[in-house]
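# Observations on the three-dimensional arrangement
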Amino acid sequence: MVTQQGNEALLEEETTVLKPPSMYRVILLNDDFTPMDFVIFVLQEYFHKDTETATRIMLKVHREGKGVCGVFPKDIASTKVEQVVRHARQEGHPLQCTMEEA
C-alpha cells in the first residue's frame, strides 16, 4: 500500500492472513438395492480404505443409513461424489453419495 506524506511516497507492508480451506465430509447413503460388495469396492477404489475399514464403513451405512467415507477440501469431495455416483450408475446401482461441510 502506498501513502503520501508531503512530497514522499511511503510503502507500507500489507499482511495477508490465509485460512485453511473448508473441509467437507463425503457420505454414502443406504439403499435396499446396492450390493454390500459393491459398497466395499467403492470404499477401496475411491477412498483407499483397506478391507477391514471398508467393511466397517459399509456396515455403518447398512445399519445406520449413512457412513462417512472421508473428509476433504470442497473440490476433492465434489469430485469423489461425482466419481462414485457415475460408477454406481454405470453398474446399474442406485447408490447415493453426498457431501456436507465438516
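Procedures and definitions
Residues numbered from 1 in each chain as written. Predicted model: local features only at pLDDT ≥ 70, side-chain atom pairs only at ≥ 80, totals over all residues. Heavy atoms only, no water. Disulfide = S-S within 2.5 Å. Buried < 20%, exposed > 50% of the residue type's maximum accessible area, 1.4 Å probe, protein only. Helix = DSSP H or I, 4+ residues; strand = E, 2+ residues; numbered from the N terminus. Axes fitted to C-alpha atoms, helices over the stretch in contact; angles between N-to-C directions. Parallel < 35°, antiparallel > 145°, perpendicular 65-115°, else oblique. Left-handed = near helix turned anticlockwise from the far one by under 90°. Contact = heavy atoms within 4.5 Å. Nonpolar A, V, L, I, M, F, W, Y, C, P; charged D, E, K, R; others polar. Core = buried A, V, L, I, M, F, W, Y, C linked by side-chain atoms within 4.5 Å. Salt bridge = Lys/Arg side-chain N within 4 Å of Asp/Glu carboxyl O.

## Examining the state of the cysteines
Two cysteines whose sulfur atoms are joined by a covalent bond form what is called a disulfide. Counting across every chain of the model gives zero disulfides. A disulfide-free cysteine, cysteine 69 has its sulfur positioned 5.4 Å from the sulfur of cysteine 97, the nearest such atom. The exposure class of cysteine 69 is buried, given its relative accessible area of 2%. Residue classification places cysteine 97 among the buried residues on the basis of a relative accessible area of 5%.

## A word on the environment of arginine 86
Following the sequence through the fold, arginine 86 ends up in helix α3 (residues 74-90). Expressed as a C-alpha distance, the spacing of arginine 86 and aspartate 75, which sit 11 residues apart in the sequence, is 16 Å.

## Structural notes on the packing of helix α1 (residues 36-47) against α3
Look at α1 against α3: their axes get within 11 Å of each other, and the N-to-C directions meet at 140°. Comparing their axes, α3 and α1 come out oblique. As α1 runs across α3, the sense of the crossing is right-handed. For the pair α1 and α3, the contacting residues are Phe38, Phe41, Val42, Tyr46 and Phe47 in the first and Lys80, Gln83, Val84, His87 and Ala88 in the second. Tallied by class, the residues present in the contact of α1 with α3 amount to seven nonpolar, two polar and one charged.

## Looking at the nonpolar core
Grouped together as the largest cluster of nonpolar side chains are 22 residues, with contacts concentrated most on Val26, Leu28, Val42, Leu43, Phe47, Val84 and Leu95. For this core, the secondary-structure elements that each account for two or more residues are β3 (23-29), α1, α2 (51-64), β4 (66-73) and α3. For this core, the element with the most residues is α1, which contributes seven residues. If sequence neighbours within four positions are ignored, leucine 43 has contacts with Leu28, His48, Lys49, Ala54, Ile57, Met58 and Cys69.

## So, the environment of glycine 70
Its place among the elements puts glycine 70 in strand β4. Residue classification places glycine 70 among the buried positions, given a relative accessible area of 12%. The spatial distance from the C-alpha of glycine 70 to the C-alpha of leucine 43 is 9.6 Å, given a sequence separation of 27 residues. Apart from residues lying up to four places away in sequence, glycine 70 is in contact with Tyr24, Arg25 and Val26.

## Description of the pattern of salt bridges
Here the structure, examined in full by the defined rule, presents three salt bridges. Among the salt bridges present, the one from glutamate 100 reaches arginine 25, with a minimum N-O distance of 3.1 Å. Of the two residues, glutamate 100 sits in strand β5 (residues 96-101) while arginine 25 sits in strand β3, which places them 75 residues apart along the sequence. Looking at arginine 25, the relative accessible area reads 26%, which means it is partly exposed. The salt bridge partner of glutamate 52 is arginine 56, with a shortest N-O separation of 3.6 Å. Linking glutamate 52 with arginine 56, this pair stays in helix α2, spanning four residues, or about one helical turn.

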